[in-house]
Amino acid sequence: MILCCGEALIDMLPRTSTEGEACYAPYAGGAVFNTAIALGRLGAETGFYSGIAQDMMGDLLTETLVTSKVDTSAVVYSDRPSTVAFIKLVDGQATYAFYDENTAGRMLSKDDLPTEVTADTLFFGGISLPVDPCGATYEALCHREAANKVIMIDPNIRPGFIRDEAVYRARIEGMLAVADIIKVSDEDLTWLFGEGDMTDHARKLISGGAKLVCITEGAKGSYGITAENVVFVEAQKATVVDTVGAGDTFNAGVLASLQSAGKLTKAAVAELDEDTIRTALSLGNRAAAVTVSRAGANPPWSNEL
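These figures come from a predicted structure and were not determined experimentally.

A. Looking closely at helix H7 (residues 246-260). The first and last C-alpha atoms of H7 sit 21 Å apart over 15 residues, in line with the 21 Å expected at 1.5 Å per residue. Along H7, twelve of the 15 residues are buried, which leaves the element largely enclosed by surrounding structure. Among all positions in H7, only Ala246, Asp248, Thr249, Phe250, Asn251, Ala252, Gly253, Val254, Leu255, Ala256, Ser257 and Leu258 are buried. Immediately downstream of H7, the backbone of glycine 262 shows phi near 70°, a positive value.

So, in structure tokens, the structure goes:
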């Protein structure tokens, strides 16, 4: 099983009412949540670990997980409110305003850590890492399980969400150092290392211990880089409605492909060949192309591919 560990929230997407008024519509979302439901829909064995509110928005999150075939047994339910993100779209590109203080997801603490993790792979990332106490909770789980589990991290860095850069850098650098698979955008690499060649930056992550680094470049495509290989797969063409959840769906495609191929073990991830990497990138790209073609983070089911 792949256990996705991170935020679940409600994306409020801009819409126009039947009377022509500007309004917002609620959609289940959150970067790690999106990856979980995308994995479930692609047929991967998947679970989710986060704090979810026991309110009407939390009900929407839970319903979406269950209908997407995601195991919710690790979810920590709370009387605190749900996190909400209002989204502004400019030419299909999303910017966010988060309302996250004292929410069910934000207040997930180390006391809420599962005593045992049966999954063989753990996925981390998103806006749950820069903030506490949940950031410290996910960090502790990552380090606790890294010796025996495959770890994938997508830092999905949003500078506007980081309040203490030094603390966040220490956390994310420590987690990246124990990760087997790292997915980053070109913007993430620039934030981590400054300007420079993306492949050179990826090599730094590999020299730090990563076995596979995936780099997404939006409409161009994606790279998969290991110590021996640099693989590029062009993006599948799509008519973009919005980009919400695109990278999250890509992550799911990569993980689902590796799980299907029996490669989600420490030993197998350390020896990925070019064909396996290309197949994983291809599924990630194809799944993401469907997600960007429709509103919100609405990843495809396997039969849509």
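B. Quick peek at the pattern of salt bridges. With the rule as written, the count across this model stands at ten salt bridges. A salt bridge links glutamate 139 to arginine 171; the nearest nitrogen and oxygen atoms lie 3.0 Å apart. Of the two residues, glutamate 139 is situated in helix H3 (residues 134-145) and arginine 171 in helix H4 (residues 165-177); the sequence distance between them amounts to 32 residues. Residue glutamate 139 is classed as partly exposed on the basis of its relative accessible area of 22%. Assessed through its relative accessible area of 7%, arginine 171 is described here as buried. When salt bridges with common partners are traced through the structure, they connect Asp100, Glu101 and Arg106 into a single cluster.

C. Expanded view of the sheet that holds strand S11 (residues 181-185). Strand order across the open sheet formed by eight strands is S4-S1-S9-S10-S11-S12-S13-S14, with mixed pairing between neighbours. Lying at the two open borders of the sheet, with one neighbouring strand each, are strand S4 (46-49) and strand S14 (230-234). Taken over all neighbouring pairs, the strand axes of this sheet differ in orientation by 20° on average, direction set aside. Looking at chain direction, S11 and strand S12 (residues 212-216) are connected through five bridges and run parallel. Considered in S12, the bridge of lysine 183 is made with cysteine 214. Helix-sheet contacts for H7 involve strand S1 (2-5), strand S9 (121-125), strand S10 (150-154), S11, S12 and strand S13 (221-225), and the interaxial angle to S11 is about 155°.

D. Layout of the pairing of strand S2 (residues 9-16). In the sheet, S2 pairs with strand S3 (residues 22-29) via eight bridges, with the strands oriented antiparallel. Bridge assignment links proline 14 to a residue of S3, and that residue is tyrosine 24. Between S2 and S3, which follow one another and run antiparallel, lie five residues, and glycine 20 among them has a positive phi close to 85°. Judged from the three bridges that link them, S2 and strand S7 (residues 84-90) form a sheet pairing that is parallel. Residue isoleucine 10 lies in a different strand from S7, and its bridge partner there is valine 84.

E. Highlighting the packing of aromatic side chains. Summed over all chains, the structure comprises seven aromatic pairs. Ring centres 5.9 Å apart and planes at 80° place the aromatic pair tyrosine 49 and tyrosine 138 in the edge-to-face group. Here tyrosine 138 lies in helix H3 and tyrosine 49 lies in strand S4, a separation of 89 residues in the sequence. Among the residues examined, tyrosine 49 registers a relative accessible area of 1% and is labelled buried.

F. Structural detail: the pairing of S1. On S1, burial covers both faces: Ile2 and Cys4 on one face and Leu3 and Cys5 on the other are all buried. Two strands pair when backbone bridges link them, and S1 and S4 are joined in this way by four bridges, in the parallel orientation. Note that in S4 the partner of isoleucine 2 across the bridge is threonine 46. Direction of pairing for S1 relative to S9: parallel, over a ladder of four bridges. For leucine 3, the partnering residue across the bridge sits in S9 and is leucine 122.

Conventions we followed
Residues numbered from 1 in each chain as written. Predicted model: local features only at pLDDT ≥ 70, side-chain atom pairs only at ≥ 80, totals over all residues. Heavy atoms only, no water. Helix = DSSP H or I, 4+ residues; strand = E, 2+ residues; numbered from the N terminus. Expected span 1.5 Å × (residues − 1). Buried < 20%, exposed > 50% of the residue type's maximum accessible area, 1.4 Å probe, protein only. Salt bridge = Lys/Arg side-chain N within 4 Å of Asp/Glu carboxyl O. Pairing = 2+ DSSP bridges. Axes fitted to C-alpha atoms, helices over the stretch in contact; angles between N-to-C directions. Contact = heavy atoms within 4.5 Å. Phe/Tyr/Trp six-rings, centres within 6.5 Å; stacked < 30°, edge-to-face > 60°.

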